[in-house]
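# A closer look at the structure
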Amino acid sequence: MKTTTISRHVTRNPEILSGEPIINGTRTPVRAIVENWRLGVRPEEIPLHLPHLNLAQIFDALSFYLDNQAEINEYIERNHVPDELVHPLIKARLNQK
């Protein structure tokens, strides 16, 4: 298993999510953090949604994203759930924000 360290908290492992950038020591992709941030969740609040992460990991992931937006946006697009598959209650909650 070849792990590539990208930054202090971001790494790649070809055996985890096909090498997508993840938080070191977890299976959490950088895109999960970015998607929370894009929904308007402040970085300081993201650990409430992903409690296994700390602020240093969150900010490092966002920094990585800002330097690699095209790559992470591609992962986000590939993993996008079509609107027709999103439960109506989830849609309503997202539309409240």
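For clarity, every value in this text was computed on a predicted model and none was experimentally measured. (Residues numbered from 1 in each chain as written. Predicted model: local features only at pLDDT ≥ 70, side-chain atom pairs only at ≥ 80, totals over all residues. Heavy atoms only, no water.)

### Describing the sheet that holds strand E2 (residues 10-12)
- If you walk across this open sheet you meet the three strands as E1-E2-E3, and the pairing is antiparallel. With partners counted over all chains shown, the strands left at the sheet margins are strand E1 (4-5) and strand E3 (22-23), one partner each.
- Pairing between E2 and E3: two bridges, direction antiparallel. When the bridges of E3 are listed, valine 10 appears paired with isoleucine 23.
- Against the sheet, helix H3 (residues 55-67) contacts E2 and E3, and its axis sits at roughly 65° relative to E2. (Pairing = 2+ DSSP bridges. Helix = DSSP H or I, 4+ residues; strand = E, 2+ residues; numbered from the N terminus. Contact = heavy atoms within 4.5 Å. Axes fitted to C-alpha atoms, helices over the stretch in contact; angles between N-to-C directions.)

### Regarding the layout of surface pockets
- Of the volumes computed, that of the largest pocket is approximately 500 Å³.
- In this structure, the largest pocket is lined by 16 residues; those nearest its centre are Ala32, Glu35, Asn36, Leu39 and Leu94.
- Looking at the lining of the largest pocket element by element, the count peaks at five residues for helix H1 (residues 30-38).
- The residue makeup of the lining of the largest pocket, split by class, is seven nonpolar, four polar and five charged. (1 Å grid on protein atoms, 1.4 Å probe; cavity = no way out; pocket = protein on both sides within 12 Å on 5 of 7 lines; lining within 4 Å. Points joined across faces, edges and corners; volume = space filled by probe spheres on them. Nonpolar A, V, L, I, M, F, W, Y, C, P; charged D, E, K, R; others polar.)

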